[in-house]
Every structure is written in structure tokens, then in C-alpha cells.
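Residue-level structural notes
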Amino acid sequence: MRIPCPFCGDRGNEEFTVLGAAGLARPAPEADDAAWHDYVHLRDNPAGAHRELWHHVFGCRAWLVVERDTRTHAVLSVTPAKERAA
Amino acid sequence: MHYSVFSLLRNALSGNRSWTPAWRDPEPKPAYDTVIVGGGGHGLATAYYLAKEHGITDVAVVEKGYIGSGNVGRNTTIIRSNYLLPANTPFYEKSLQLWEGLEQDINYNAMVSQRGVLNLCHSDAQRDAYARRGNAMQLAGVDAELLDAAQVRAMVPGLDMDNARFPVKGGLLQRRGGTVRHDAVAWGYARAADRRGVDILQNTEVTGILVEGGRVTGVETTRGTIRAKRVGLAAAGNSSRVAAMAGLRLPIESHVLQAFVSEAVKPLIHTVVTFGAGHFYVSQSDKGGLVFGGDIDGYNSYAQRGSLPVVEDVMESAVALFPAFSRLRYLRQWGGIMDMSMDGSPIIDRTPVDGLFLNCGWCYGGFKATPASGWCFAHTIATGAPHALNAGFRLDRFATGRVVDEKGAGAQPNLH
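Everything quoted here is computed from the prediction, not taken from an experiment. (Residues numbered from 1 in each chain as written. Chains lettered and ligands numbered in written order. Predicted model: local features only at pLDDT ≥ 70, side-chain atom pairs only at ≥ 80, totals over all residues. Heavy atoms only, no water.)

Accessible area lost on assembly of the parts is the figure often given for the size of an interface. With 23 residues of chain B at the interface, the matching set in chain A holds 23 residues. Counting the surface lost from both chain B and chain A, the interface buries some 2000 Å², and carbon and sulfur atoms represent 52% of this. By the criterion of area lost to chain A, the three top residues of chain B are R249, Y299 and N300 of chain B, representing 33% of everything that side buries. Put simply, chain B and chain A have 3 salt bridges between them. Notably, a salt bridge pairs R249 of chain B with D38 of chain A, separated by 3.2 Å at the nearest N-O pair. (Contact = heavy atoms within 4.5 Å. Buried area = accessible area lost by both parts, 1.4 Å probe. Salt bridge = Lys/Arg side-chain N within 4 Å of Asp/Glu carboxyl O.)

Encoded structure:
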């Protein structure tokens, strides 16, 4: 699997580490147990397009949001994670 | 047809013309008492034990592919019950006991081989942890032996015992552990369930779960609607997708786990060896190929194939432990889709939908659990409540904080 890093170009996935689903919204500290359970444990786990956080740890060290098809491993889009936060 | 040396002789002498199919290929009935979604090892074992232990024979097993096409044929065939936690040890020991009697029970040669499972330790702290686990096993009535380095050296030649970074200090051995031929497990359970009246519906994919007034009433399939009073989901790898049809969101991610077979060589390893300083385990099949595996790839996948960095990682571990393996060529490799639960332990439980039951989250360890998983899931479906053996594997344990963290490595890739 190869991931086109927006800063470094097309790189093998051995240069990256993966964290998991990108769309999880961390609840407020005082949120109830159900909200924290949902955030920590429950996942959509789709068969198809999946947005996830990858870290180009052996490259530019940028965090990236990679949208990938979990059925084929085809990379659909890559954006820097800080653009997502802005 | 009952299999025995006499049936073998009779068929050999008559030119092998009168063997009959091992199970029927029936048309789906419009309704069953119980429908099991997923014709893998766990689903077939569930159907078998529903019929055998609970007298429920009006059962259909609905399988989207063919029997043996999924994870039951995509593992490394290891069986063991060397667990620490009280939620795990009795359950896996039940499984090992069922393995020990399986071939007579289902009248099928599954090549159950109790060649032992040896976990290597590489530091004093790890040896202490293994001693603790061995003691916990013995307290639960499970066999365990702590070996010192000399005993390991005598038992497994070829190990890099005196490696500067990870010297082998000893190991925890379970002699009753071993390997089983995984295809034969699928075929044997399918045939045994079929002989007790269970309908096995291959190439029948579930496309929907029917729920009326909070109660399950059947499933939609590619071969029409099948009504059922009870539905059991045993679709590990695709559990999230199947459960979503009933509106459930699970504490599970699907990940790919790769396994490998080398070219065949003369007898080299007569037990199952696990590396304690990396994730690597190896045994030798009866054909001579070394069967080995390691970590999940770490990213969500339904693709049943992995990528090269993990292949390299597994090979590095193999050569670190057995330097002679560097001369071997690997022959074939495959990937299976694991239900990675958030605490690394399985779920066998009721669901919030009446009549709908869930068996999922097997992570790395589904194959060894096949008989006990089926046995406990059958009990849970038949009685409506978990058995004491699967009482720790509840769906709500994540919300209540009662997680079963044997290794604590679930779906989170950086914990592996």
C-alpha cells in the first residue's frame, strides 16, 4: 500500500503509523459515561470509504487524514490533519 | 454414512464410487426456529451443539460463501488454553477439552495433534509473569510447566538461545496445546450438524435482519426471506456490518491478519513456539511446511490481504529467533479479517434486540475457541442467558468498565 503524502509525495506505508478513525469527536471532560463509551469503544467500521489518521513518522512527521477504501486499500484522498482542525 | 475403517475398506474395495456428499445442499425453508448467520467454524459448531446439547434441530446456517472460505481456513491452526484471567481460563480449557474429544464426537478426523505450545521468555520479569500465568492455569485445573533454558534448548533445537538482545531464558509449556487441521474442523462440524438435521445454506448472503417491535423475526437473504424466532450472529470479520443491519454499533474494528507457510522441510519443530520478544509464532505442518504468523497490519481492512511491511516484520522475527530460517523460502501467504474488539477479548451474549444473539470480537484467537464458542453460544441462544463459561464475554462490559484485558491489545494499532 502506498500513501501520497501531500508534502513528500508517494510513499510506502512502512514510513507511516496509523492511529485509527479520524472523525471521532472527544467529549467534554464532564460528559456522561455514555458519551465517553461511544468515543472510546464504538466504531462505524465501514466496508468502503474510511477516514483515518496516519502519521508520516519516518518522513515529514505530519499527521494526515487519509480516506481509504477498506475493501481494496485504494487511497481516495489525503489531507493534512491540521487543515481539518482549522 | 458413518466413517470408520470399515467404510474406508468397503469404499476402497468398491472403487470409491459410493461415497456420498458429507452434507446436503437443501433449499431454504420459509421459516426455522433458529438461524445462525455465518457458516464458519463458530457458526457450524453453534448449530451442532444446538442440536446435540439442546435438541434444537430446526436450525439453518446461512453462509455467504462456501463452507471453509472464511476465517476458519485463514488461521494458523493452534489450540491452547494458557490464559491468565478468570474470565478466559475456564472458557478456553472447555474448548481444549472439547478438542480432545472432538473427532470421536463428530466422527471426523480433524488431525488433533497435542504437540504442545511453548511460550518463550527473554527476561527475568517475563519469566516471573509466565510463572504467574502458569500458576493461575494450574489453579484452574489446566496443565502448565515452567521450563528453564536448558530444557528449552533440549526441546527446540535451532533457537538463537544466547542472542545478545533477547536471550532465551526459559518458557511456559502447555503440553496439551497443539494444532488441528482447520479445514477438517469446518467440514467435520458441517457434516455433524447436517446429520442432526441442520440445514447448511451456502452461497446465501444475509442482506437484512427483520426486527418487529424490538424482537427479531428473521433475516432477508439473497435467496429470499427466512423467518426465525431466534437469530445468532457468528460472522466474525464482518460482525459490524451484520450487526448494523439490526441497528447495533459494535466496539469492533475489522483488521487484516496475515499468516505464512514456508516450503516443506524435514521435521524441524515438533511443537508450537512463540517468540516472547516480538509477535511471532511457528509450528510445522504434517506436510513439512512451517506455518507462522505475527501482528495485524494495523489499519481497518476488509480486503483479506495485507501489505509488505508486516511480512518483513514477521520474517525478521522468524530469523531473529531461528537463524536457520534465513535459508528457507516462503511458499504462500494469506490474510484473514479479524474482529478486533476494544479489549482484545470476544463477545458471546444477548443483544438489546429480543431473540438476537451475538458472537464476535475474536481478535487473534478465534480458531482455538471454536468448540467452546459454539458450545457457549448454543447455550446462550437456547436458554436466553450466557453460561458461566462465557459470563465475562458480555456486550455491555465496555460501558460498565468490566473489560477482559488479557493482553489489552485490541483494535488500537500502537498497542501491538
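Here the narrative resumes.
This part is about the pairing of strand β2 (residues 9–12) of chain A. Residues and elements named next belong to chain A. Direction of pairing for strand β1 (residues 2–5) relative to β2: antiparallel, over a ladder of 4 bridges. When the bridges of β2 are listed, R2 appears paired with G12. Between β1 and the antiparallel strand that follows it, β2, lie 3 residues. (Pairing = 2+ DSSP bridges. Helix = DSSP H or I, 4+ residues; strand = E, 2+ residues; numbered from the N terminus.)

Moving on, we get to the domain arrangement of chain B. Residue and element names in this part refer to chain B. Entries for chain B in the domain assignment read domain 1 (26–81 + 84–108 + 182–251 + 343–415) and domain 2 (117–177 + 254–340). Computed over C-alpha atoms, the centres of domain 1 and domain 2 are 27 Å apart. On the domain 2 side, the residues contacting the 32 residues of domain 1 number 33 residues. Interface area, domain 1 with domain 2, both sides summed: about 2600 Å², of which 57% is carbon and sulfur. Together, R74, L84 and Y364 form the three largest contributors to the area buried by domain 1 at its contact with domain 2, with a combined 28%. Our count for the contact surface shared by domain 1 and domain 2 stands at 2 salt bridges. For the salt bridge of E100 with R176, the shortest nitrogen-to-oxygen distance reads 3.0 Å. Inspection of the region where domain 1 meets domain 2 yields 14 residue pairs in polar contact (both at pLDDT 80 or more). Elements with a contribution of two residues or more to the side of domain 1 that touches domain 2: β3 (78–79), α3 (89–106) and α7 (239–244). For the side of domain 1 that touches domain 2, the element with the most residues is α3, which contributes 5 residues. Looking at the side of domain 1 that touches domain 2 residue by residue, the class counts come to 13 nonpolar, 13 polar and 6 charged. (Domains from an automatic or database assignment. Polar contact = N/O pair within 3.5 Å; in protein donor to acceptor, adjacent residues only side chain to side chain. Nonpolar A, V, L, I, M, F, W, Y, C, P; charged D, E, K, R; others polar.)

All names here are of chain B. Across the two faces of strand β13 (residues 272–275) the burial is the same, with V272 and T274 and V273 and F275 all buried. The pairing of strand β4 (residues 117–121) with β13 spans 3 bridges and is classified as parallel. Counted as the bridge partner of V117 is V272 from β13. Here 3 bridges tie β13 to strand β14 (residues 280–284), and the two strands are oriented antiparallel to one another. Note that in β14 the partner of T274 across the bridge is Y281. Here β13 folds back onto β14 in antiparallel fashion, the turn holding 4 residues. (Buried < 20%, exposed > 50% of the residue type's maximum accessible area, 1.4 Å probe, protein only.)

Our focus in this paragraph is empty space enclosed by the protein. Summed over the entire model, instances satisfying the criterion amount to 2 cavities of 30 Å³ or more. The volume enclosed by the largest cavity comes to roughly 40 Å³. In terms of lining, the largest cavity is formed by H122, D160, N163, F166, V168, F275, A320 and L321 of chain B. The wall of the second largest cavity is formed by V18, L19, G20, A21, H50 and E52 of chain A together with G298, Y299, N300 and P413 of chain B. Mapped by element, the contributors of at least two residues to the lining of the second largest cavity are β3 (17–21) and β4 (49–55) of chain A together with β15 (289–300) of chain B. Here the lining of the second largest cavity gets 4 residues from one element, more than from any other, and that element is β3 of chain A. The class makeup of the residues in the lining of the second largest cavity is 5 nonpolar, 4 polar and 1 charged. (1 Å grid on protein atoms, 1.4 Å probe; cavity = no way out; pocket = protein on both sides within 12 Å on 5 of 7 lines; lining within 4 Å. Points joined across faces, edges and corners; volume = space filled by probe spheres on them.)

Here we take up the side chain of T70 of chain A. Within the secondary structure, T70 of chain A sits in the loop between β5 (63–69) and β6 (75–80). For T70 of chain A, a relative accessible area of 0% gives the class buried. A polar atom in the side chain of T70 of chain A sits 2.9 Å from the backbone oxygen of P46 of chain A. Leaving out residues up to four positions away in the same chain, T70 of chain A has contacts with P46, A47, G48 and H50 of chain A together with N300, S301, Y302 and A303 of chain B.

Residue and element names in this part refer to chain A. Spatially, 4 strands are ordered β3-β4-β5-β6 in an open sheet, and the strand pairing comes out antiparallel. The open sheet is flanked by β3 and β6, the only strands paired with a single partner. With strand direction ignored, the average angle separating the axes of adjacent strands in the sheet is 30 degrees. As judged from the 5 bridges shared by β5 and β6, these two strands associate in the antiparallel manner. The partner of L64 across the bridge, within β6, is P80. (Axes fitted to C-alpha atoms, helices over the stretch in contact; angles between N-to-C directions.)

Residues and elements named next belong to chain B. Running from N to C, helix α2 (residues 41–54) and helix α6 (residues 182–195) point in directions that differ by 30 degrees, and their axes come no closer than 9 Å. Overall, the two elements α2 and α6 adopt an arrangement that is roughly parallel. The chirality of how α2 crosses α6 is left-handed. Between α2 and α6, the residues in contact are L44, A45, A47, Y48 and Y49 and A186, Y189, A190, A192 and A193, respectively. Considered class by class, the residues forming the contact of α2 with α6 number 10 nonpolar, no polar and no charged. (Parallel < 35°, antiparallel > 145°, perpendicular 65-115°, else oblique. Left-handed = near helix turned anticlockwise from the far one by under 90°.)

Looking now at the environment of M111 of chain B. Residue and element names in this part refer to chain B. On the secondary structure map, M111 appears in the loop between α3 and β4. Given a relative accessible area of 33%, M111 falls into the partly exposed group. Along the sequence, M111 and F377 sit 266 residues apart, while their C-alpha atoms lie 24 Å from each other. If sequence neighbours within four positions are ignored, M111 has contacts with E103, T179, V180, R181 and D286.

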